[in-house]
Amino acid sequence: MDIVEPIKKWLFTVALKKAIVKLAQLIVAWAIAKGIFVSFTIYGIKIDFANVEVMTAALLSISEIVRNYLKVKFPKYFSWL
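The rules behind each value
Residues numbered from 1 in each chain as written. Predicted model: local features only at pLDDT ≥ 70, side-chain atom pairs only at ≥ 80, totals over all residues. Heavy atoms only, no water. Core = buried A, V, L, I, M, F, W, Y, C linked by side-chain atoms within 4.5 Å. Buried < 20%, exposed > 50% of the residue type's maximum accessible area, 1.4 Å probe, protein only. Contact = heavy atoms within 4.5 Å. Helix = DSSP H or I, 4+ residues; strand = E, 2+ residues; numbered from the N terminus. Expected span 1.5 Å × (residues − 1).

A. Fine view of the nonpolar core. A33, F37, I47, V52 and M55 together form the largest nonpolar core, which totals five residues. Discounting residues that sit within four places of it in the chain, I47 has contacts with F37 and F40.

B. Representation of helix 2 (residues 50–73) in the model. Helix length check: helix 2, at 24 residues, gives a terminal C-alpha distance of 35 Å against a target of 34 Å (1.5 Å per residue), a fit within 8%. Here helix 2 has its buried residues at V52, M55, T56, E64 and R67. Looking at the buried residues of helix 2, the elements they touch are helix 1 (4–42).

As structure tokens, this is what we get:
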């Protein structure tokens, strides 16, 4: 049973790292979507606030695609993602 504790600790650190990355992606995606919403409102284009959630989800998906692309194409520089 000596191997169980190090594995649990490793899994916890991996899960924590992934959660922090996902949270950061979500915050950035929400901020960008909110900025788009405010910009459109300033220019007189009406957007329903529910569309901000859709834009956030789309930006979150795009950021995940970009993250995976960078990890595959440039592992030397982006392996920490």
